[in-house]
Amino acid sequence: MAAQVLGFTSGARADHVMETIGGEILNSSLRAVRIGGTISFIGLLAGTAAHINTYDIVTRNVTIHGIETGSREMFEEMTGFIAEHRIEPVLDSTYWTNEVRDALRHLESGKAFGKIVILPAHAEEPAEGR
């Protein structure tokens, strides 16, 4: 993964890495993140303990932010509440995967109000349009 990120960013590395596997894969995320970057640590699929290169954390001034997702019971309670109260997200705009840069520019502009949706190339045009 780190080699792909380095290639994609011309060696600049990523500002933000979403780590969903955990374990020693965290070392790959450390190689992929830029100096001063952030790793959002979500997953524990590879286990709860691993040998991690702490030198990379210190020398790159990386922030590792742990994200707890909760239990299945909590998820079911939340989705029940959302359904009962008919809560729907506010959508700002929709982009295709080949328009990600445009979507990010729109987000960066600060003009977005609501969610910016990225649709995969094989998806149908949303009924509400853009």
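Bear in mind the structure is a predicted one, so any value in this text is a computation, not a measurement.

Thresholds applied
Residues numbered from 1 in each chain as written. Predicted model: local features only at pLDDT ≥ 70, side-chain atom pairs only at ≥ 80, totals over all residues. Heavy atoms only, no water. Helix = DSSP H or I, 4+ residues; strand = E, 2+ residues; numbered from the N terminus. Buried < 20%, exposed > 50% of the residue type's maximum accessible area, 1.4 Å probe, protein only. Expected span 1.5 Å × (residues − 1). Salt bridge = Lys/Arg side-chain N within 4 Å of Asp/Glu carboxyl O. Pairing = 2+ DSSP bridges. Right-handed = clockwise from strand over helix to strand, strands pointing away. Contact = heavy atoms within 4.5 Å. Core = buried A, V, L, I, M, F, W, Y, C linked by side-chain atoms within 4.5 Å. Axes fitted to C-alpha atoms, helices over the stretch in contact; angles between N-to-C directions. Polar contact = N/O pair within 3.5 Å; in protein donor to acceptor, adjacent residues only side chain to side chain.

### Overview of the environment of Gln4
Reasoning step 1: With respect to the secondary-structure elements, Gln4 resides in helix α1 (residues 2-8).
Reasoning step 2: Relative accessible area serves as the criterion here: at 61%, Gln4 is assigned to the exposed category.
Reasoning step 3: Along the sequence, Gln4 and Ala32 sit 28 residues apart, while their C-alpha atoms lie 8.6 Å from each other.

### Digging into helix α4 (residues 72-84)
Reasoning step 1: Counted at 1.5 Å a residue, the expected span for α4 with its 13 residues is 18 Å, and the 18 Å between its end C-alpha atoms agrees.
Reasoning step 2: Where α4 terminates, the next one or two residues include Arg86, which has phi positive at roughly 50°.

### Regarding the pattern of salt bridges
Close approach of charged atoms allows side chains with opposite charge to pair.
Reasoning step 1: The final tally for this structure, using the stated rule, is three salt bridges.
Reasoning step 2: The salt bridge partner of Arg34 is Asp15, with a shortest N-O separation of 2.5 Å. Linking Arg34 in strand β2 (residues 33-41) with Asp15 in strand β1 (residues 14-19), this pair joins segments that are 19 residues apart in sequence.
Reasoning step 3: Overall, the relative accessible area of 30% leaves Arg34 in the partly exposed class.
Reasoning step 4: The partner of Asp102 in a salt bridge is Arg105, with the nearest N and O atoms 2.9 Å apart. Of this pair, Asp102 and Arg105 both sit in helix α5 (residues 100-109), three residues apart, which is roughly one turn of the helix.

### A word on the pairing of strand β4 (residues 91-96)
Reasoning step 1: Sheet analysis places β4 next to strand β5 (residues 115-119), joined by five bridges and oriented parallel. Bridged to Leu91 within β5 is Lys115.
Reasoning step 2: The parallel pair β4 and β5 is bridged by α5, and the resulting crossover is right-handed.

### Let's talk about the environment of Val17
Reasoning step 1: Position of Val17 among the secondary structure elements: in strand β1.
Reasoning step 2: Ignoring any residue separated from it by four or fewer positions in sequence, one finds Val17 in contact with Ser29, Ala32, Val33, Thr38, Ile39 and Ser40.

### As for the nonpolar core
Reasoning step 1: By size, the foremost hydrophobic cluster in this structure holds eleven residues: Ala2, Val5, Ala14, Val17, Leu26, Leu30, Ala32, Val33, Ile39, Phe41 and Val62.
Reasoning step 2: Elements that contribute at least two residues to this core include exactly α1, β1, α2 (25-32) and β2.

### Comments concerning the sheet that holds β1
Reasoning step 1: Overall, parallel pairing links the three strands, which are arranged β1-β2-β3 in an open sheet. Each having just a single partner strand, β1 and β3 (63-66) make up the two edges of the open sheet. Sheet twist, expressed as the mean angle between neighbouring strand axes with direction ignored, is 15°.
Reasoning step 2: Its contacts with the sheet place α2 against β1, β2 and β3, and it is angled at close to 145° to β2.

### Observations concerning the side chain of Asn27
Reasoning step 1: Along the chain, Asn27 falls in helix α2.
Reasoning step 2: Note on Asn27: relative accessible area 12%, which makes it buried.
Reasoning step 3: Of note is the side chain of Asn27, whose polar atom sits 2.9 Å from the backbone oxygen of His51.
Reasoning step 4: Beyond its immediate chain neighbours, meaning those up to four positions away, Asn27 contacts His51, Ile52 and Asn53.

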